[in-house]
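# Residue-level structure breakdown
Chain by chain, the residues run as shown.
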Amino acid sequence: MIVCSCTVITDKELKQAAEAIKNEPGQGIVTPGAVFRYLGKRPKCGTCFPMIVHIIHAMAEKDRRGSGQ
Ligand code: FES
């Protein structure tokens, strides 16, 4: 599924980028801006930001549940 139609970012790319950012030493905060930077892209309209934030939050919730918290 494409989450950003301006720069053609898929949900798979987003999740891979979010995982990589989360695991970077000294980083760990996944934001839409961090995802765009990681992928070497620049947002244009910003319409996708709520969907990107939703997916990032869903991943964090899944991680939290997986860690037993
Ligand atoms: S849809 Fe992502 S910047 Fe426009």
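Given the structure is predicted, the values throughout are model-derived calculations rather than measurements. (Residues numbered from 1 in each chain as written. Predicted model: local features only at pLDDT ≥ 70, side-chain atom pairs only at ≥ 80, totals over all residues.)

### Regarding the nonpolar core
One finds V3, L14, A18, V35, I52, I55 and I56 to be the most contacted residues of the largest nonpolar core, which totals 13 residues. For this core, the elements supplying multiple residues, two or more each, are β1 (2-4), α1 (11-22), α2 (32-39) and α3 (49-66). Those residues in contact with I56 that lie beyond four places of it in its chain are A18 and V30. (Core = buried A, V, L, I, M, F, W, Y, C linked by C-beta atoms within 7 Å. Buried ≥ 20, exposed ≤ 12 C-beta atoms within 10 Å, placed from the backbone. Helix = DSSP H or I, 4+ residues; strand = E, 2+ residues; numbered from the N terminus. Contact = placed C-beta atoms within 7 Å.)

### Considerations on the environment of L14
Take L14: it is sitting in helix α1. Accessibility expressed as a C-beta count within 10 Å gives 26 for L14, which makes it buried. Separated by 48 residues in sequence, L14 and K62 place their C-alpha atoms 15 Å apart. Beyond its immediate chain neighbours, meaning those up to four positions away, L14 contacts V3, I9, V35, I52 and I55.

### A closer look at the packing of α1 against α2
Running from N to C, α1 and α2 point in directions that differ by 100 degrees, and their axes come no closer than 9 Å. Taken as axis vectors, α1 and α2 run roughly perpendicular relative to one another. Across the interface between the two elements, E13, L14, A17, A18, A20 and I21 from α1 touch A34, V35, Y38 and L39 from α2. (Axes fitted to C-alpha atoms, helices over the stretch in contact; angles between N-to-C directions. Parallel < 35°, antiparallel > 145°, perpendicular 65-115°, else oblique.)

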